Amino acid sequence: MIELLLFTVLGICLGIITGLIPGLHVNTIAVVLVGLSFLEPYYIITLIISMAITHTIFDYIPSIFFGAPEPSTALSILPGHRMLLAGRGIHALYFTVVGGVVSIFITLLLFPLVLFIIPFLYQNIQFYIHWILISIAIFMIMIEPGRKKLYGAFIFGISGILGMISLNNFILPSHMIFFPMFTGLFGISTMIISINNKTQIPKQVTWLPKIRTRLAIVGSVKGLFSGMLLGVLPGVGAAQATVLTQQITRKNDPKEFLISIGAINTIVALFSLVSLYTIYRPRSGAAVAINTVIQSFGITELFILLGVALFSTGVSTLLILKVAKHIILVLQRINYTKMTLCVLIFLIFMTAIFTGLYGLLVLGVSTSIGLLAPLFGVKRSLSMGSLMLPLIIFYMTLTF
Amino acid sequence: MDELRIKQIALLCAIIGLVILAYASFFMSGVVEISDITIEDVGRRMKVCGEISFIRENNGHVFFVLNDGENELNGVIFNTTALKMNESGSSPYNLNIGDFICLPGKIDEYPKNSGEIEIIYEGGVIERTI
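Residues numbered from 1 in each chain as written. Chains lettered and ligands numbered in written order. Predicted model: local features only at pLDDT ≥ 70, side-chain atom pairs only at ≥ 80, totals over all residues.

**Focus: the overall build of chain A**
Scanning chain A for helices and strands turns up 17 helices and 0 strands. Radius of gyration (C-alpha) of chain A: 20 Å, near the 21 Å computed for a compact globule of 400 residues. Overall, chain A is about 55 × 55 × 45 Å in size when its C-alpha atoms are taken along their principal axes. Classification of the 400 residues of chain A by burial places 56% in the buried group. Pairs at least 24 residues apart make up 81% of the contacts formed inside chain A by residues separated by at least 6 positions. (Helix = DSSP H or I, 4+ residues; strand = E, 2+ residues; numbered from the N terminus. Rg over C-alpha atoms; globule rule 2.2 N^0.38 Å. Buried ≥ 20, exposed ≤ 12 C-beta atoms within 10 Å, placed from the backbone. Contact = placed C-beta atoms within 7 Å.)

Printed below as a string of C-alpha cells:
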C-alpha cells in the first residue's frame, strides 16, 4: 500500500512536469518508464496512470496562460485567451479544473454503468463515427455568416489536407506529429497575433468565481458523454471530443465549454485505460505502455486504476488551485509580449528536439494555416479539420 | 459551487482513491508458498510461483500444474481470460512445460466439496522465467 502511494505521488510529480512543459508528452515518458524492468510491474502501472491523469489537470496552464496547446487543449486557448485578456485567466483555468474533478467524481458514481456502456459504444458507434464527424463539420461551417461559410469550408479543407499529409507519413509517428501541428495551428499563430498587437495582460483577478452546481454538473456530463463516446474508438480522442462538445454546449457560454473540455481531457485519459479492461484494447500511448508490462488487465488492476485516478485527480486539483494564484501574480509582473516571444522560441526549440526538420516544416505550414482563420474572420476551431478530415476518411474506408 | 466545495470534492476523491488503493493492495499480497494454501483460502486472491510441470489446452481453456519442488497446485486460465490475453498480445498458449512462473489468481475448490484446490488466473502480471 505504502509503495503504491509512493509511486502515485511520484507519478503526480511527473504529470505536473509533463503538463507544464509544452511538447513533453506522457507517452514519451511512459515508454521510458516501461524500460525500468527492475521495478515491480504494478509500480510502473501506478506511475503511468497517475502521471497520465495529473497531466490532464496541469496541461491547461501552458495552454491558457502561454497559448501553448496540445490537441486536447487546443480549443481551450480560444475562450481561455479571451478570458486572460479580460483579466480572468484564473477563471478559465478554474473552469477546466472543475470539469476534471467533477467528471471524475460523477464517473465514480456511475462506474458500474460505465463498464457496461463502453463495450456497447465500442461495438455500435464505430461504424457511424464518420457520419457524426461529417455532421459536426457541416454544422461548424454552416454557422458562419454569409460568405464566411466559403472561407470556413476552405479553412476546414486546407487544414484537413495538412492533417492527411502530416499524419500519413513514414518519417514520424502520428502521436509525435500532433505537437508541431497543433502548436502551429492554435499556439504560435495566436502568439504571432499577440506579439504583433503588442498584447499586454491586464490586471488579473485572483479570486475564484462561484459556479452554479447545475452548470458544473451539466458541463461535466457533456464532457463525460463526449469523452466516453469518442475516447474508446481507435484514432479518436480528446481533441475530437472537444469539437463535439463545442457543438453541444451553449454558444455564448465559455464557462460551460471550459468545464466540458476540462472533463473530456481527464475522462479520455481515464477511459483510454479502462478500455484495457472493457474491450481489451489500449486506446492511448499510456495504455499501450501498461499493456506491455501486464498480460491481462484484471479486476485488481481496474481497482488500482480507479484508486490512482481518483487520488491523483484529487491531489492535482488541490495543488493547481494553490499554485494558480501565484502564477497569475507572476504573470502580471512580466512583459507579456517578451514572455510570449520566449515561449514561441521555446516551442520552436522543443519542436526541433522532438520532431526534427520534418516537425519544423509541419510547424511552419500549420502556423500559416492557423493565421488564416483570424485573417478571414472565421472561427479558428475550423482548423480542427486537420484531425477530422483524416478520421472521416479513415472510418469511411473502414465501413466500405 | 465555490472554491471550498471544489476542494471538498477533490479531497473526497483523494480519500476514496486511497481506500480503493488499500483494497486493491490487499489483493496484491506477496507470494504464498503452495504448501501454505489450504481449503480455508478458497475465494481468496493470492500469488503463487512454481514450474509448469503440465499444461494442456481444451476449448480455449488452459489447464496447468505448478510445481515448487515439493508440492503441486492445479491452475486454470479460462477461455474468456485467455481471449483477453490474446487481444492484448500475450497469449497463454505460449506457456510451456518447464517455464517458471509467478501468477496472481483466485483460490477455488474443484470439484466442489472434493477438498482439491486450484488457482484461477483472472488477470494481472504473470512473471515468467524460461
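That covers the picture; the talk isn't over yet.
**Structural notes on the interface of chain B and chain A**
Contacts between the two partners involve 34 residues from chain B, matched on the other side by 40 residues from chain A. Every element with two or more residues in the side of chain B that touches chain A is listed here: helix H1 (3-27) and helix H2 (79-87) of chain B. No other element matches the 18 residues that H1 of chain B contributes to the side of chain B that touches chain A. Residues that form the side of chain B that touches chain A fall into these classes: 20 nonpolar, 8 polar and 6 charged. (Nonpolar A, V, L, I, M, F, W, Y, C, P; charged D, E, K, R; others polar.)

**Some details on the confidence of the model for chain B**
Averaged over all residues, the pLDDT of chain B is 84; the fraction at 70 or higher stands at 93%. Averaged over each element, pLDDT in chain B is lowest for strand S6 (residues 127-129) of chain B (69) and highest for strand S3 (residues 72-77) of chain B (92). (pLDDT = per-residue confidence, 0-100.)

**A few points about unusual backbone geometry**
Residues and elements named next belong to chain B. At the junction of Tyr110 and Pro111, the peptide bond is cis and its omega measures out at -10 degrees in the coordinates. Relative to the assigned elements, Pro111 resides in the loop between strand S4 (100-109) and strand S5 (117-120). In this model, Asn59 sits at a positive phi of 55 degrees, which is unusual for a non-glycine residue. On the secondary structure map, Asn59 appears in the loop between strand S1 (45-58) and strand S2 (61-67).

**Side note on the packing of helix H6 (residues 89-109) of chain A against helix H13 (residues 254-278) of chain A**
All names here are of chain A. Contact pair H6 / H13: the axes reach a minimum separation of 7 Å and the direction vectors enclose 50 degrees. Judged by the inter-axis angle, H6 sits oblique to H13. H13 is crossed by H6, and the crossing has right-handed handedness. On H13, the residues that touch Ala92, Phe95, Thr96, Val97, Val98, Gly99, Gly100, Ser103, Ile104 and Thr107 of H6 are Lys255, Leu258, Ile259, Ser260, Ile261, Gly262, Ala263, Asn265, Thr266, Ile267 and Leu270. Its residues assigned to classes, the contact of H6 with H13 shows 11 nonpolar, 9 polar and 1 charged. (Axes fitted to C-alpha atoms, helices over the stretch in contact; angles between N-to-C directions. Parallel < 35°, antiparallel > 145°, perpendicular 65-115°, else oblique. Left-handed = near helix turned anticlockwise from the far one by under 90°.)

**Regarding helix H8 (residues 129-142) of chain A**
All names here are of chain A. If you check H8, its first and last C-alpha atoms are 20 Å apart, about what 14 residues at 1.5 Å a residue would give, namely 20 Å. Buried residues of H8: Ile129, Leu133, Ala137, Met140 and Ile141, and no others. On an axial view of H8, the arc spanned by its buried residues comes to 100 degrees, and they lie on one face. Exposed residues lying more than 90 degrees from the buried face of H8 are Ser135, Ile138, Phe139 and Met142. (Expected span 1.5 Å × (residues − 1). Arc of directions from axis to C-beta.)

**A short note on the pairing of S2 of chain B**
Residue and element names in this part refer to chain B. Residues Val62, Phe64 and Leu66 line the buried face of S2, whereas the alternating positions His61, Phe63, Val65 and Asn67 sit on a face that is not buried. The pairing of S1 with S2 spans 7 bridges and is antiparallel. Looking at S2, one finds that Ile52 is bridged to Leu66. Counting the residues that bridge the hairpin from S1 to S2 gives 2 residues, and of these Asn59 lies at a positive phi of roughly 55 degrees. The pairing of S2 with S3 spans 6 bridges and is antiparallel. Counterpart to Asn67 in the pairing with S3 is Glu72. Following S2, the chain reverses through 4 residues before pairing antiparallel with S3; Gly69 in that reversal takes a positive phi of roughly 105 degrees. (Pairing = 2+ DSSP bridges.)

**Describing the environment of Leu360 of chain A**
Residues and elements named next belong to chain A. As for its position among the elements, Leu360 is in helix H16 (residues 336-376). By C-beta crowding, Leu360 is classed as partly exposed, having 15 other C-beta atoms within 10 Å. Along the backbone, Leu360 and Phe349 are 11 residues apart, and their C-alpha atoms lie at a distance of 9.2 Å. When near neighbours in sequence (up to four residues on either side) are disregarded, Leu360 contacts Thr351 and Ala352.

**Remarks on the environment of Gly50 of chain B**
Residues and elements named next belong to chain B. Residue position: Gly50 is located in strand S1. Overall, the presence of 23 C-beta atoms within 10 Å leaves Gly50 in the buried class. In this structure the C-alpha to C-alpha distance between Gly50 and Ile101, which are 51 residues apart in sequence, comes to 5.7 Å. Apart from the residues within four sequence positions on either side, Gly50 is in contact with Ile34, Leu66, Asn67, Asp68 and Leu73.

**What about the packing of H8 of chain A against helix H9 (residues 148-167) of chain A?**
All names here are of chain A. Contact geometry for H8 and H9: axes closest at 8 Å, N-to-C directions at 140 degrees. The angle between H8 and H9 places the two elements in the oblique class. Here Ala137, Ile141 and Met142 of H8 lie close against H9, whose contacting residues are Lys149, Gly152, Ala153 and Phe156. Classifying every residue of the contact of H8 with H9 by side-chain character gives 5 nonpolar, 1 polar and 1 charged.

**Focus on the nonpolar core**
In terms of nonpolar packing, the biggest core is built from 123 residues, with Ile48, Val98 and Val101 of chain A touching the most fellow members. Looking at which element gives the most residues to this core, the answer is H13 of chain A, with 14 residues. The residues that make up this core include at least three from each of domain 1 (1-30) and domain 2 (31-129) of chain B. In contact with Val98 of chain A, other than residues within four places in its own chain, are Ile211, Ala216, Ile259 and Gly262 of chain A together with Ile6 of chain B. (Core = buried A, V, L, I, M, F, W, Y, C linked by C-beta atoms within 7 Å. Domains from an automatic or database assignment.)

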